[in-house]
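Secondary and tertiary structure notes
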Amino acid sequence: MKFAIPQKAYKKNCEALLKAGSVEGMAELLIESLARVSFRVFRIHVSGDFFSVDYAGAWQTTCNAFPTAMFWAYTRCRDPGILGVLRQTSNLRMLLSCDRDNWRGMLAISEDFPCFGLSYYTMGEKPPEQVYTRGDEVPVACPQGLVVFPDQTVRRRLSLPGTCPTDLAVNPWPKQQACVKCRRCCG
Ligand code: SF4
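1. What about the sheet that holds strand β5 (residues 146-150)?
Strands sit in the order β1-β2-β3-β4-β5 across an open sheet of 5 strands; the sheet is parallel. Two strands in the sheet have a free side with no partner beyond their single neighbour: β1 (41-43) and β5. On average, adjacent strands in this sheet sit at an angle of 25° to one another, irrespective of strand direction. Where helix α6 (residues 129-137) meets the sheet, it contacts β3 (92-98), β4 (117-122) and β5, and its direction lies at approximately 150° from that of β4.

Listed below in C-alpha cells is the structure:
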C-alpha cells in the first residue's frame, strides 16, 4: 500500500507490530514484508528504534530467515537487554548513534558492546576526539570507524573526517548504489 506521507506508513507499521505483540507475530510480519522485495543489504528503520527486547528478537528471527543478506541499523537505545539480543545476530551490524547531547552515554554503552560501530550526527560541530578514537577501535575493516552524518542545514557544505560520502559536496556514487559500494555502515 502507498502512503502520501511517510509518517502515515510509519504509524501503520508501528500499530501492526504492536498488535502482533509477540516475537513470533512481529517476526512473521517482518519476514512477510521482506519476502516481497529482493535485497542483498537492508537498512532497518528510516525512522524509529528498537523499542523492546521482543521487537529486537523479532528482528533477530528475521535476519536469521535471510542468512545470505546483510542487515544494518543505527540505534540510540541504551537498554542492555535489547542490545544484547541484537549483538547475537551474526548478519546484523549495529551502529551506536551519537550526537553532541548523548555521546558520553553512547561511549559508555560502546564499552560493553565493542563490536558495534559508531555514527555521529552533527549540526556543524566536529565530533569529539574521544568518539573518533573509539570509532577507530571498532573491529571493522573500514578507513574511518566513525561515520559522520551532517544535519541537512550543513549537508554538502561540511567535510569532516568520516563524513558519509553521500553527504559530501561531490557524491562519488548514485544514491541507490552508495551504501553497497561504500559498505562502511553495512559491513
Ligand atoms: S554511503 Fe557509506 S557511510 Fe553513507 S550511509 Fe551508506 S554505508 Fe554508511
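Let us keep going from here.
2. What about the site of the ligand?
Around the ligand, a shell composed of V147, C164, P165, T166, A178, C179, C182, R183, R184, C185 and C186 is seen. The greatest single-element share of the shell around the ligand, amounting to 3 residues, is contributed by helix α7 (residues 175-182).

3. Observations concerning unusual backbone geometry
Within the chain, H45 stands out as a residue other than glycine whose phi angle is a positive 75°. Its location among the elements puts H45 in the loop between β1 and α3 (53-65). C-beta crowding within 10 Å serves as the criterion here: with 13 such atoms nearby, H45 is assigned to the partly exposed category.

4. Overview of the confidence of the model for the protein
Overall, the predicted model of the protein reaches an average pLDDT of 90, with 95% of residues at or above 70. Confidence scores differ between elements of the protein, with α7 showing the lowest mean pLDDT of 82 and α3 the highest of 98.

5. Concerning the packing of helix α2 (residues 23-34) against α3
Where α2 contacts α3, the two axes come as close as 8 Å, and the packing angle between them is 45°. Considering their axes alone, α2 and α3 lie oblique with respect to each other. Crossing geometry of α2 relative to α3 is assigned as right-handed. From α2, V23, M26, A27, L30, I31 and L34 reach across to α3, where they touch D54, Y55, G57, A58, W59, T61, T62 and A65. Considering only residue class, the contact of α2 with α3 consists of 10 nonpolar, 3 polar and 1 charged.

6. Observations regarding the pairing of strand β2 (residues 70-75)
Of all 6 residues in β2, 5 are buried; the element is thus mostly enclosed. Chirality of the crossover, the property in question, places the unit of β1, α3 and β2 among those that are right-handed. Both β2 and β3 contribute to a ladder of 5 bridges, which runs parallel. Across the sheet, residue W72 finds its bridge partner in β3, namely R93. Taken together, β2, helix α4 (residues 80-87) and β3 form a β-α-β motif whose crossover is right-handed.

7. Section: α3
With 13 residues, α3 extends 18 Å from end C-alpha to end C-alpha; this agrees with the ideal 18 Å at 1.5 Å per step. Looking only at α3, the buried set comprises Y55, A56, G57, A58, W59, Q60, T62 and C63. Those residues of α3 that are buried are in contact with α1 (6-20), α2, β2, α4 and β3.

Calculation rules
Residues numbered from 1 in each chain as written. Predicted model: local features only at pLDDT ≥ 70, side-chain atom pairs only at ≥ 80, totals over all residues. Pairing = 2+ DSSP bridges. Helix = DSSP H or I, 4+ residues; strand = E, 2+ residues; numbered from the N terminus. Axes fitted to C-alpha atoms, helices over the stretch in contact; angles between N-to-C directions. Contact = placed C-beta atoms within 7 Å. Near = placed C-beta within 6 Å. Buried ≥ 20, exposed ≤ 12 C-beta atoms within 10 Å, placed from the backbone. pLDDT = per-residue confidence, 0-100. Parallel < 35°, antiparallel > 145°, perpendicular 65-115°, else oblique. Left-handed = near helix turned anticlockwise from the far one by under 90°. Nonpolar A, V, L, I, M, F, W, Y, C, P; charged D, E, K, R; others polar. Right-handed = clockwise from strand over helix to strand, strands pointing away. Expected span 1.5 Å × (residues − 1).

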